[in-house]
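Residue-level structure breakdown
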Amino acid sequence: MCRNRLQEKRVRRFALTVGITQAFFLYVLSNSQAQNLTDVLERGFTLSFPTFQVDTGSLASNLAPAFSDAVSQAVTRQFPLASVAPAYVYRYNAALSVFERVTSVPGPLFSERALTVGQGQLNFGVGYSYISFDDIDGTALDSVANTALIPDPSVEEAAPFLFRQPGGGLAVVRGGLAPFVLSRLRTRIELQSHVVVPTVRYGIRDSWDVSFSIPVVNTSLRVREESVPVAVVDPDENVGYLYRAPRFGGLEDPGREDGLRRIAPGLPGVKVKALSFIRAQYKTRKLSKAAGSATGIGDISLRGKYQFWKLDAGGAALGLNLQLPTGEEKDFLGTGDTRLGSFVYFSQVFQERFEPHLNLGIDFNANDVDRSSFRYAVRASMLIWRQLGFTLDIFGLCDFARPVPPGTNESLSGVQGIVLDKAAKKCTDGQPCRVTSDQAPVFVFPETFKRSNIIDLSFAFRYMLGDAGSLFFAGIVPLNNDGFRADFIPSAGIEYTF
(Lines give C-alpha, C1' and ligand atoms only; values in the text may rest on other atoms or scores of the structure.)
Protein backbone atom coordinates (compact mmCIF):
# COMPACT_ATOMS: atom_id res chain seq x y z
CA MET A 1 0.00 0.00 0.00
CA CYS A 2 2.77 2.45 0.97
CA ARG A 3 4.63 1.65 -2.22
CA ASN A 4 1.50 2.26 -4.32
CA ARG A 5 1.13 5.71 -2.75
CA LEU A 6 4.75 6.46 -3.50
CA GLN A 7 4.26 5.34 -7.10
CA GLU A 8 1.24 7.61 -7.49
CA LYS A 9 3.30 10.56 -6.22
CA ARG A 10 6.06 9.69 -8.69
CA VAL A 11 3.61 9.63 -11.59
CA ARG A 12 2.17 13.02 -10.64
CA ARG A 13 5.65 14.51 -10.34
CA PHE A 14 6.59 12.97 -13.69
CA ALA A 15 3.53 14.52 -15.38
CA LEU A 16 4.27 17.89 -13.80
CA THR A 17 7.89 17.77 -14.96
CA VAL A 18 6.87 16.89 -18.53
CA GLY A 19 4.34 19.75 -18.54
CA ILE A 20 6.95 22.27 -17.34
CA THR A 21 9.43 21.02 -19.95
CA GLN A 22 6.88 21.33 -22.77
CA ALA A 23 5.94 24.86 -21.68
CA PHE A 24 9.62 25.82 -21.61
CA PHE A 25 10.22 24.65 -25.16
CA LEU A 26 7.06 26.30 -26.48
CA TYR A 27 8.31 29.56 -24.97
CA VAL A 28 11.79 29.14 -26.48
CA LEU A 29 10.47 28.39 -29.95
CA SER A 30 7.94 31.20 -29.92
CA ASN A 31 10.67 33.71 -29.01
CA SER A 32 13.50 32.48 -31.24
CA GLN A 33 14.45 34.23 -34.45
CA ALA A 34 16.14 31.68 -36.67
CA GLN A 35 18.04 32.44 -39.83
CA ASN A 36 19.18 30.01 -42.46
CA LEU A 37 22.86 29.54 -41.65
CA THR A 38 23.44 27.54 -44.82
CA ASP A 39 22.58 30.67 -46.83
CA VAL A 40 24.93 32.66 -44.59
CA LEU A 41 27.68 30.19 -45.36
CA GLU A 42 26.99 30.41 -49.08
CA ARG A 43 27.11 34.21 -49.05
CA GLY A 44 30.36 34.10 -47.11
CA PHE A 45 31.96 31.78 -49.66
CA THR A 46 30.94 33.87 -52.68
CA LEU A 47 33.95 35.88 -53.90
CA SER A 48 33.92 39.37 -55.40
CA PHE A 49 36.91 40.66 -57.38
CA PRO A 50 36.81 43.93 -59.35
CA THR A 51 38.17 42.27 -62.51
CA PHE A 52 38.10 38.60 -61.52
CA GLN A 53 35.22 37.25 -63.58
CA VAL A 54 34.69 33.74 -62.26
CA ASP A 55 31.43 32.18 -61.13
CA THR A 56 31.90 31.12 -57.50
CA GLY A 57 28.19 31.20 -56.69
CA SER A 58 27.47 27.70 -58.02
CA LEU A 59 30.52 26.29 -56.26
CA ALA A 60 29.47 27.90 -52.99
CA SER A 61 25.95 26.51 -53.46
CA ASN A 62 27.36 23.00 -53.82
CA LEU A 63 29.76 23.34 -50.93
CA ALA A 64 27.43 24.99 -48.39
CA PRO A 65 25.07 22.00 -47.88
CA ALA A 66 28.03 19.64 -47.46
CA PHE A 67 29.66 21.99 -44.99
CA SER A 68 26.33 22.40 -43.20
CA ASP A 69 25.97 18.64 -42.92
CA ALA A 70 29.46 18.21 -41.46
CA VAL A 71 29.00 21.07 -38.99
CA SER A 72 25.54 19.95 -37.82
CA GLN A 73 26.91 16.45 -37.17
CA ALA A 74 29.71 17.92 -35.08
CA VAL A 75 27.29 20.09 -33.09
CA THR A 76 24.85 17.22 -32.57
CA ARG A 77 27.59 14.96 -31.27
CA GLN A 78 28.13 17.40 -28.42
CA PHE A 79 24.55 17.02 -27.10
CA PRO A 80 25.36 14.06 -24.83
CA LEU A 81 28.01 16.25 -23.18
CA ALA A 82 25.24 18.28 -21.56
CA SER A 83 22.88 15.37 -20.87
CA VAL A 84 23.20 14.66 -17.16
CA ALA A 85 23.16 11.11 -15.76
CA PRO A 86 21.83 10.70 -12.17
CA ALA A 87 24.41 10.81 -9.39
CA TYR A 88 22.71 8.03 -7.39
CA VAL A 89 20.63 4.91 -7.88
CA TYR A 90 17.94 3.69 -5.47
CA ARG A 91 16.23 0.47 -4.45
CA TYR A 92 12.98 0.05 -2.51
CA ASN A 93 13.25 -1.44 0.99
CA ALA A 94 9.90 -3.14 1.58
CA ALA A 95 10.61 -3.73 5.27
CA LEU A 96 11.06 0.00 5.92
CA SER A 97 8.76 1.21 3.08
CA VAL A 98 11.43 3.61 1.84
CA PHE A 99 13.79 3.98 -1.11
CA GLU A 100 17.43 3.53 -0.13
CA ARG A 101 20.52 4.76 -1.96
CA VAL A 102 22.57 1.88 -3.32
CA THR A 103 25.98 3.53 -3.77
CA SER A 104 27.86 6.49 -2.31
CA VAL A 105 30.00 6.98 -5.45
CA PRO A 106 28.44 9.57 -7.79
CA GLY A 107 27.71 8.20 -11.24
CA PRO A 108 29.29 9.33 -14.52
CA LEU A 109 28.13 12.49 -16.26
CA PHE A 110 28.45 11.87 -19.98
CA SER A 111 28.08 8.11 -20.15
CA GLU A 112 26.07 5.31 -18.53
CA ARG A 113 26.72 3.00 -15.62
CA ALA A 114 25.26 -0.51 -15.54
CA LEU A 115 22.99 0.36 -12.60
CA THR A 116 19.58 1.85 -13.32
CA VAL A 117 18.02 4.75 -11.41
CA GLY A 118 15.57 2.46 -9.57
CA GLN A 119 11.90 1.59 -9.91
CA GLY A 120 9.59 4.57 -9.54
CA GLN A 121 12.46 7.08 -9.36
CA LEU A 122 12.06 10.28 -11.39
CA ASN A 123 15.22 12.22 -12.21
CA PHE A 124 15.33 15.62 -13.88
CA GLY A 125 18.53 17.33 -15.01
CA VAL A 126 19.58 20.36 -17.03
CA GLY A 127 23.02 20.59 -18.58
CA TYR A 128 24.75 23.38 -20.48
CA SER A 129 27.71 23.30 -22.87
CA TYR A 130 29.48 26.06 -24.79
CA ILE A 131 31.16 24.93 -28.01
CA SER A 132 33.45 27.30 -29.89
CA PHE A 133 34.78 25.42 -32.89
CA ASP A 134 38.46 26.23 -33.37
CA ASP A 135 39.82 23.66 -35.83
CA ILE A 136 38.94 21.38 -38.70
CA ASP A 137 41.28 18.39 -39.02
CA GLY A 138 44.02 20.35 -37.26
CA THR A 139 43.65 23.55 -39.32
CA ALA A 140 42.53 26.71 -37.52
CA LEU A 141 39.06 27.74 -38.71
CA ASP A 142 39.94 31.43 -38.39
CA SER A 143 42.70 31.09 -40.99
CA VAL A 144 42.02 28.41 -43.60
CA ALA A 145 44.26 29.28 -46.55
CA ASN A 146 44.75 27.91 -50.05
CA THR A 147 48.20 26.56 -50.86
CA ALA A 148 47.96 27.74 -54.49
CA LEU A 149 48.30 31.47 -55.22
CA ILE A 150 46.23 33.47 -57.69
CA PRO A 151 47.17 36.48 -59.88
CA ASP A 152 45.21 39.12 -58.00
CA PRO A 153 43.88 42.29 -59.66
CA SER A 154 42.18 43.34 -56.42
CA VAL A 155 45.24 45.28 -55.23
CA GLU A 156 44.37 48.97 -55.04
CA GLU A 157 44.83 50.87 -58.30
CA ALA A 158 46.83 53.54 -56.50
CA ALA A 159 49.30 50.98 -55.18
CA PRO A 160 52.85 51.81 -56.32
CA PHE A 161 54.11 49.76 -59.23
CA LEU A 162 57.91 49.43 -59.28
CA PHE A 163 59.92 48.73 -62.42
CA ARG A 164 63.59 48.81 -63.33
CA GLN A 165 64.60 51.71 -65.57
CA PRO A 166 66.89 51.02 -68.57
CA GLY A 167 69.63 53.17 -67.03
CA GLY A 168 69.32 51.49 -63.64
CA GLY A 169 67.38 52.37 -60.52
CA LEU A 170 63.71 51.91 -59.66
CA ALA A 171 60.82 54.03 -60.92
CA VAL A 172 57.33 54.26 -59.43
CA VAL A 173 54.22 54.29 -61.63
CA ARG A 174 50.69 54.96 -60.33
CA GLY A 175 47.38 54.83 -62.12
CA GLY A 176 46.49 52.60 -65.04
CA LEU A 177 49.12 49.95 -64.43
CA ALA A 178 49.07 47.65 -61.41
CA PRO A 179 51.76 45.38 -60.01
CA PHE A 180 51.60 41.71 -60.90
CA VAL A 181 50.69 40.33 -57.45
CA LEU A 182 50.12 36.77 -56.28
CA SER A 183 47.60 36.46 -53.45
CA ARG A 184 46.33 33.65 -51.26
CA LEU A 185 42.63 33.13 -50.64
CA ARG A 186 42.01 32.90 -46.88
CA THR A 187 38.77 31.82 -45.20
CA ARG A 188 37.93 32.97 -41.66
CA ILE A 189 35.11 31.12 -39.90
CA GLU A 190 33.75 31.80 -36.43
CA LEU A 191 31.27 29.17 -35.24
CA GLN A 192 29.85 28.90 -31.72
CA SER A 193 27.01 26.93 -30.15
CA HIS A 194 25.28 27.23 -26.80
CA VAL A 195 23.57 23.94 -25.94
CA VAL A 196 21.03 23.53 -23.11
CA VAL A 197 19.72 19.99 -22.61
CA PRO A 198 16.90 19.15 -20.15
CA THR A 199 16.77 15.41 -19.49
CA VAL A 200 14.03 13.39 -17.78
CA ARG A 201 14.73 9.82 -16.60
CA TYR A 202 12.26 7.40 -15.02
CA GLY A 203 12.75 3.94 -13.53
CA ILE A 204 10.10 1.52 -14.82
CA ARG A 205 11.64 -1.43 -12.97
CA ASP A 206 14.73 -1.85 -10.81
CA SER A 207 16.48 -3.21 -13.90
CA TRP A 208 14.92 -0.91 -16.52
CA ASP A 209 14.82 2.85 -16.93
CA VAL A 210 14.01 5.23 -19.80
CA SER A 211 14.87 8.86 -20.52
CA PHE A 212 14.46 11.57 -23.09
CA SER A 213 16.48 14.70 -23.86
CA ILE A 214 15.30 17.73 -25.83
CA PRO A 215 18.26 20.01 -26.58
CA VAL A 216 17.85 23.71 -27.24
CA VAL A 217 20.65 25.06 -29.42
CA ASN A 218 21.78 28.56 -30.29
CA THR A 219 24.34 28.61 -33.11
CA SER A 220 26.07 31.68 -34.52
CA LEU A 221 28.18 31.80 -37.69
CA ARG A 222 30.44 34.41 -39.26
CA VAL A 223 32.30 33.81 -42.54
CA ARG A 224 34.85 36.04 -44.25
CA GLU A 225 36.85 35.49 -47.43
CA GLU A 226 40.05 37.52 -47.83
CA SER A 227 42.69 38.09 -50.47
CA VAL A 228 46.15 38.14 -48.86
CA PRO A 229 48.93 39.47 -51.15
CA VAL A 230 52.03 37.38 -50.52
CA ALA A 231 54.32 37.92 -53.53
CA VAL A 232 54.86 40.50 -56.28
CA VAL A 233 56.86 40.24 -59.48
CA ASP A 234 60.52 41.22 -59.14
CA PRO A 235 61.06 44.82 -60.41
CA ASP A 236 63.88 43.49 -62.60
CA GLU A 237 61.24 41.74 -64.73
CA ASN A 238 59.57 45.06 -65.78
CA VAL A 239 56.19 43.34 -65.83
CA GLY A 240 52.73 44.57 -64.87
CA TYR A 241 49.17 44.51 -66.21
CA LEU A 242 46.40 46.98 -66.84
CA TYR A 243 44.29 47.41 -63.72
CA ARG A 244 40.95 47.78 -65.51
CA ALA A 245 41.25 44.73 -67.71
CA PRO A 246 37.72 43.34 -68.38
CA ARG A 247 38.84 39.84 -67.51
CA PHE A 248 41.96 37.73 -67.31
CA GLY A 249 43.05 37.01 -70.86
CA GLY A 250 41.15 40.05 -72.18
CA LEU A 251 44.21 42.08 -73.21
CA GLU A 252 45.28 41.79 -76.83
CA ASP A 253 48.54 43.72 -76.92
CA PRO A 254 51.33 42.19 -74.83
CA GLY A 255 53.81 44.78 -76.18
CA ARG A 256 55.68 47.53 -74.38
CA GLU A 257 54.36 50.94 -73.41
CA ASP A 258 56.58 53.54 -71.69
CA GLY A 259 59.14 50.87 -70.96
CA LEU A 260 56.58 48.58 -69.29
CA ARG A 261 55.33 45.27 -70.51
CA ARG A 262 51.59 44.77 -70.13
CA ILE A 263 50.63 41.15 -69.47
CA ALA A 264 47.86 39.14 -67.96
CA PRO A 265 47.73 35.39 -67.28
CA GLY A 266 46.89 33.52 -70.46
CA LEU A 267 48.46 36.08 -72.86
CA PRO A 268 51.35 35.15 -75.13
CA GLY A 269 54.66 36.92 -74.78
CA VAL A 270 55.64 36.35 -71.18
CA LYS A 271 55.18 33.06 -69.35
CA VAL A 272 54.45 33.13 -65.65
CA LYS A 273 56.94 30.32 -65.08
CA ALA A 274 59.70 32.57 -66.43
CA LEU A 275 59.07 35.26 -63.82
CA SER A 276 60.64 35.68 -60.39
CA PHE A 277 58.84 37.08 -57.32
CA ILE A 278 59.65 38.83 -54.06
CA ARG A 279 57.65 39.26 -50.90
CA ALA A 280 54.64 41.62 -51.24
CA GLN A 281 53.85 44.39 -48.76
CA TYR A 282 50.25 45.18 -49.76
CA LYS A 283 47.24 45.15 -47.46
CA THR A 284 44.79 42.27 -47.09
CA ARG A 285 41.49 42.86 -48.89
CA LYS A 286 38.07 41.54 -47.80
CA LEU A 287 36.29 39.77 -50.66
CA SER A 288 33.07 38.74 -48.92
CA LYS A 289 31.54 38.43 -45.47
CA ALA A 290 28.31 37.13 -43.96
CA ALA A 291 27.00 36.47 -40.45
CA GLY A 292 23.88 35.08 -38.79
CA SER A 293 22.53 33.07 -35.89
CA ALA A 294 19.72 30.60 -35.22
CA THR A 295 17.99 29.17 -32.15
CA GLY A 296 15.76 26.11 -31.94
CA ILE A 297 15.29 22.54 -30.81
CA GLY A 298 18.01 20.10 -31.78
CA ASP A 299 17.72 16.37 -32.41
CA ILE A 300 15.61 14.77 -29.65
CA SER A 301 17.08 11.67 -27.99
CA LEU A 302 15.10 8.78 -26.46
CA ARG A 303 17.03 6.26 -24.38
CA GLY A 304 16.32 2.96 -22.71
CA LYS A 305 18.58 0.83 -20.48
CA TYR A 306 18.11 -2.72 -19.18
CA GLN A 307 20.44 -4.31 -16.62
CA PHE A 308 20.74 -7.97 -17.62
CA TRP A 309 23.64 -8.93 -15.36
CA LYS A 310 23.48 -7.89 -11.70
CA LEU A 311 26.31 -7.83 -9.21
CA ASP A 312 26.59 -6.11 -5.87
CA ALA A 313 26.67 -2.40 -6.94
CA GLY A 314 27.55 -3.24 -10.54
CA GLY A 315 27.13 -5.53 -13.52
CA ALA A 316 26.24 -5.03 -17.19
CA ALA A 317 23.36 -3.46 -19.09
CA LEU A 318 22.12 -3.04 -22.66
CA GLY A 319 21.07 0.32 -24.02
CA LEU A 320 19.14 1.65 -27.01
CA ASN A 321 19.36 5.31 -28.05
CA LEU A 322 17.03 6.75 -30.68
CA GLN A 323 17.90 10.17 -32.08
CA LEU A 324 15.15 11.86 -34.08
CA PRO A 325 15.87 14.46 -36.82
CA THR A 326 13.93 17.27 -35.14
CA GLY A 327 16.71 19.87 -35.47
CA GLU A 328 16.83 22.14 -38.52
CA GLU A 329 19.78 20.94 -40.59
CA LYS A 330 20.14 24.21 -42.55
CA ASP A 331 20.69 26.05 -39.26
CA PHE A 332 23.25 23.48 -37.99
CA LEU A 333 20.81 22.44 -35.24
CA GLY A 334 20.50 18.80 -36.32
CA THR A 335 21.81 16.23 -38.78
CA GLY A 336 18.58 15.54 -40.65
CA ASP A 337 19.17 11.82 -40.03
CA THR A 338 17.48 9.27 -37.77
CA ARG A 339 20.10 7.45 -35.70
CA LEU A 340 19.73 4.31 -33.57
CA GLY A 341 22.46 3.37 -31.14
CA SER A 342 22.96 -0.05 -29.57
CA PHE A 343 25.25 -0.11 -26.54
CA VAL A 344 26.53 -2.29 -23.74
CA TYR A 345 27.51 -0.76 -20.38
CA PHE A 346 29.81 -2.26 -17.72
CA SER A 347 30.49 -0.80 -14.27
CA GLN A 348 31.38 -1.90 -10.74
CA VAL A 349 31.79 -0.07 -7.42
CA PHE A 350 34.84 -0.98 -5.32
CA GLN A 351 35.27 -0.13 -1.63
CA GLU A 352 32.34 2.32 -1.93
CA ARG A 353 34.76 4.91 -3.31
CA PHE A 354 35.80 3.94 -6.84
CA GLU A 355 33.75 2.93 -9.88
CA PRO A 356 35.25 2.17 -13.34
CA HIS A 357 33.00 2.19 -16.44
CA LEU A 358 33.23 0.82 -19.96
CA ASN A 359 30.77 1.71 -22.74
CA LEU A 360 30.82 0.15 -26.23
CA GLY A 361 28.34 0.57 -29.03
CA ILE A 362 27.39 1.17 -32.64
CA ASP A 363 25.54 4.32 -33.68
CA PHE A 364 23.56 3.38 -36.81
CA ASN A 365 22.50 6.03 -39.32
CA ALA A 366 19.10 4.92 -40.59
CA ASN A 367 19.29 7.26 -43.60
CA ASP A 368 22.77 6.17 -44.69
CA VAL A 369 24.24 3.09 -43.00
CA ASP A 370 27.71 3.88 -44.39
CA ARG A 371 27.76 6.99 -42.21
CA SER A 372 27.33 5.04 -38.99
CA SER A 373 30.01 5.11 -36.28
CA PHE A 374 31.56 3.06 -33.49
CA ARG A 375 31.49 4.69 -30.05
CA TYR A 376 33.40 3.86 -26.90
CA ALA A 377 34.17 5.28 -23.46
CA VAL A 378 36.53 4.34 -20.64
CA ARG A 379 35.76 6.18 -17.42
CA ALA A 380 36.43 6.17 -13.69
CA SER A 381 34.43 7.88 -10.92
CA MET A 382 35.70 8.30 -7.39
CA LEU A 383 34.53 9.80 -4.13
CA ILE A 384 37.25 12.22 -3.01
CA TRP A 385 35.23 13.68 -0.13
CA ARG A 386 31.92 12.79 1.45
CA GLN A 387 30.05 15.25 -0.81
CA LEU A 388 32.47 15.67 -3.69
CA GLY A 389 33.13 13.29 -6.55
CA PHE A 390 35.58 13.37 -9.44
CA THR A 391 35.30 11.73 -12.87
CA LEU A 392 37.95 11.22 -15.53
CA ASP A 393 36.95 9.96 -18.98
CA ILE A 394 38.39 9.06 -22.35
CA PHE A 395 35.71 8.70 -24.99
CA GLY A 396 35.45 8.83 -28.74
CA LEU A 397 33.92 7.69 -31.98
CA CYS A 398 35.15 6.33 -35.27
CA ASP A 399 33.16 7.04 -38.43
CA PHE A 400 32.69 4.26 -40.93
CA ALA A 401 32.82 6.74 -43.85
CA ARG A 402 33.38 10.41 -44.63
CA PRO A 403 30.86 12.86 -43.17
CA VAL A 404 30.25 14.18 -46.71
CA PRO A 405 30.90 12.53 -50.10
CA PRO A 406 34.41 12.94 -51.56
CA GLY A 407 34.83 15.42 -54.39
CA THR A 408 32.20 17.82 -53.01
CA ASN A 409 34.68 20.69 -52.83
CA GLU A 410 35.39 21.57 -56.45
CA SER A 411 38.11 23.95 -57.58
CA LEU A 412 37.33 27.41 -58.96
CA SER A 413 36.37 27.08 -62.60
CA GLY A 414 38.72 28.82 -65.03
CA VAL A 415 41.30 29.86 -62.41
CA GLN A 416 44.72 28.26 -62.32
CA GLY A 417 46.72 28.68 -59.16
CA ILE A 418 50.46 29.26 -58.94
CA VAL A 419 52.90 27.49 -56.62
CA LEU A 420 56.26 29.02 -55.65
CA ASP A 421 59.36 27.07 -54.80
CA LYS A 422 59.47 28.40 -51.23
CA ALA A 423 57.50 30.41 -48.70
CA ALA A 424 56.83 33.96 -49.86
CA LYS A 425 58.34 35.46 -46.71
CA LYS A 426 61.68 34.02 -47.82
CA CYS A 427 61.48 35.64 -51.26
CA THR A 428 63.98 38.57 -51.26
CA ASP A 429 65.67 40.78 -53.83
CA GLY A 430 68.80 38.69 -53.54
CA GLN A 431 66.97 35.32 -53.56
CA PRO A 432 63.64 35.72 -55.37
CA CYS A 433 61.12 32.89 -55.66
CA ARG A 434 60.50 30.96 -58.85
CA VAL A 435 57.29 29.37 -60.08
CA THR A 436 57.19 25.57 -59.89
CA SER A 437 53.61 25.18 -61.20
CA ASP A 438 51.04 27.44 -62.85
CA GLN A 439 48.31 24.78 -63.06
CA ALA A 440 47.48 24.18 -59.40
CA PRO A 441 43.78 24.01 -58.35
CA VAL A 442 42.24 26.80 -56.27
CA PHE A 443 39.30 26.07 -53.96
CA VAL A 444 36.61 28.20 -52.33
CA PHE A 445 37.24 26.25 -49.13
CA PRO A 446 40.43 24.20 -49.46
CA GLU A 447 39.85 21.70 -46.63
CA THR A 448 38.57 18.21 -47.33
CA PHE A 449 36.15 16.34 -45.06
CA LYS A 450 37.83 13.10 -44.13
CA ARG A 451 36.64 10.15 -42.05
CA SER A 452 36.87 11.12 -38.39
CA ASN A 453 38.38 9.21 -35.50
CA ILE A 454 37.54 11.53 -32.59
CA ILE A 455 39.09 11.04 -29.14
CA ASP A 456 38.35 13.35 -26.20
CA LEU A 457 39.35 13.61 -22.57
CA SER A 458 36.95 14.98 -19.97
CA PHE A 459 37.19 15.75 -16.28
CA ALA A 460 34.33 16.64 -13.95
CA PHE A 461 33.71 17.62 -10.35
CA ARG A 462 30.34 16.70 -8.87
CA TYR A 463 29.02 18.13 -5.61
CA MET A 464 26.21 16.23 -3.92
CA LEU A 465 22.99 17.97 -2.88
CA GLY A 466 21.94 15.83 0.05
CA ASP A 467 20.99 12.29 -0.93
CA ALA A 468 19.04 13.09 -4.11
CA GLY A 469 20.86 15.50 -6.43
CA SER A 470 24.11 17.08 -7.56
CA LEU A 471 25.77 20.07 -9.19
CA PHE A 472 28.60 19.59 -11.65
CA PHE A 473 31.26 21.39 -13.65
CA ALA A 474 33.16 19.64 -16.42
CA GLY A 475 35.66 20.35 -19.15
CA ILE A 476 36.37 18.48 -22.37
CA VAL A 477 39.61 18.69 -24.37
CA PRO A 478 40.48 16.92 -27.65
CA LEU A 479 43.23 14.31 -27.78
CA ASN A 480 43.53 14.38 -31.58
CA ASN A 481 42.74 16.71 -34.50
CA ASP A 482 40.06 14.89 -36.52
CA GLY A 483 36.82 16.66 -37.45
CA PHE A 484 35.41 19.96 -36.26
CA ARG A 485 36.89 20.48 -32.80
CA ALA A 486 36.89 22.94 -29.93
CA ASP A 487 40.07 23.46 -27.92
CA PHE A 488 38.03 23.36 -24.70
CA ILE A 489 34.32 22.75 -23.99
CA PRO A 490 33.04 23.88 -20.58
CA SER A 491 29.90 22.22 -19.25
CA ALA A 492 27.84 22.70 -16.12
CA GLY A 493 24.47 21.57 -14.80
CA ILE A 494 22.23 20.30 -12.06
CA GLU A 495 20.17 17.13 -11.56
CA TYR A 496 17.79 15.91 -8.88
CA THR A 497 15.85 12.73 -8.18
CA PHE A 498 12.34 13.25 -6.80
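Note that this is a predicted model, so its numbers are computed, not measured.

1. What to know about the overall build of the chain
- If you tally the helices and strands in the chain, you get four helices and 30 strands.
- A buried classification covers 52% of the 498 residues belonging to the chain.
- Within the chain, counting contacts between residues at least 6 apart in sequence, those at least 24 apart form 73% of the total.
- With the model as given, the accessible surface of the chain reaches about 21,700 Å², and the carbon-plus-sulfur share is 55%.

2. Considerations on the nonpolar core
- Membership of the largest hydrophobic core comes to 39 residues, with the highest contact counts inside it found for Leu41, Phe133, Ile189, Leu221 and Phe484.
- Of all the elements in the fold, those that place two or more residues in this core are α2 (37–45), α3 (57–77), β3 (122–133), β11 (181–205), β13 (216–233), β18 (285–297) and β28 (469–478).
- Top contributing element to this core by residue count: α3, with six residues.
- With near-sequence residues (within four places) excluded, Ile189 lies in contact with Phe45, Phe67, Leu141, Asp142, Leu221, Arg222, Val223 and Phe445.
- Core analysis: the second largest hydrophobic core is formed by 16 residues, Val233, Leu275, Phe277 and Leu420 among them.

3. Section: the sheet that holds strand β4 (residues 135–136)
- The three strands are arranged β5-β4-β29 in an open sheet whose pairing can be described as antiparallel. Every other strand in the sheet has two partners, leaving β5 (139–140) and β29 (484–485) as the edge strands with one partner each.

4. What to know about unusual backbone geometry
- With a phi angle near 50°, Asp137 is a residue other than glycine that sits in the positive phi range.
- Looking at where Asp137 falls in the secondary structure, it is placed in the loop between β4 and β5.
- With relative accessibility at 18%, the residue Asp137 sits in the buried group.
- Not every positive phi belongs to a glycine, and Ala313 is a case in point at roughly 60°.
- Mapped onto the elements, Ala313 comes out in the loop between β19 (301–311) and β20 (314–323).

5. Comments concerning the environment of Ile189
- Take Ile189: it is sitting in strand β11.
- Between the C-alpha atoms of Ile189 and Arg222, which are 33 residues apart in sequence, the distance is 5.7 Å.

6. Regarding the pattern of salt bridges
- Taken as a whole, this structure holds 13 salt bridges when the rule is applied.
- Note that Asp337 and Arg371 form a salt bridge whose closest N and O atoms lie 3.7 Å from each other. With Asp337 in the loop between β20 and β21 (339–348) and Arg371 in the loop between β22 (354–365) and β23 (373–385), this residue pair connects regions lying 34 residues apart in the sequence. In terms of burial, Asp337 and Arg371 fall into one category: buried.
- One network of salt bridges, in which partners are shared, links Glu112, Arg201, Asp209 and Lys305.

7. Some points on the state of the cysteines
- A full pass over the atoms with the stated rule returns one disulfide.
- With a sulfur-sulfur separation of 1.4 Å, Cys427 is cross-linked through a disulfide to Cys433. One disulfide, between Cys427 and Cys433, carries an S-S torsion of -70° and so falls in the left-handed class. Here the two residues Cys427 and Cys433 agree in accessibility, since each one is buried.

What counts as what
Residues numbered from 1 in each chain as written. Predicted model: local features only at pLDDT ≥ 70, side-chain atom pairs only at ≥ 80, totals over all residues. Heavy atoms only, no water. Helix = DSSP H or I, 4+ residues; strand = E, 2+ residues; numbered from the N terminus. Buried < 20%, exposed > 50% of the residue type's maximum accessible area, 1.4 Å probe, protein only. Contact = heavy atoms within 4.5 Å. Areas by Shrake-Rupley, 256 points an atom, 1.4 Å probe, with all protein chains shown as cover. Core = buried A, V, L, I, M, F, W, Y, C linked by side-chain atoms within 4.5 Å. Pairing = 2+ DSSP bridges. Salt bridge = Lys/Arg side-chain N within 4 Å of Asp/Glu carboxyl O. Disulfide = S-S within 2.5 Å.

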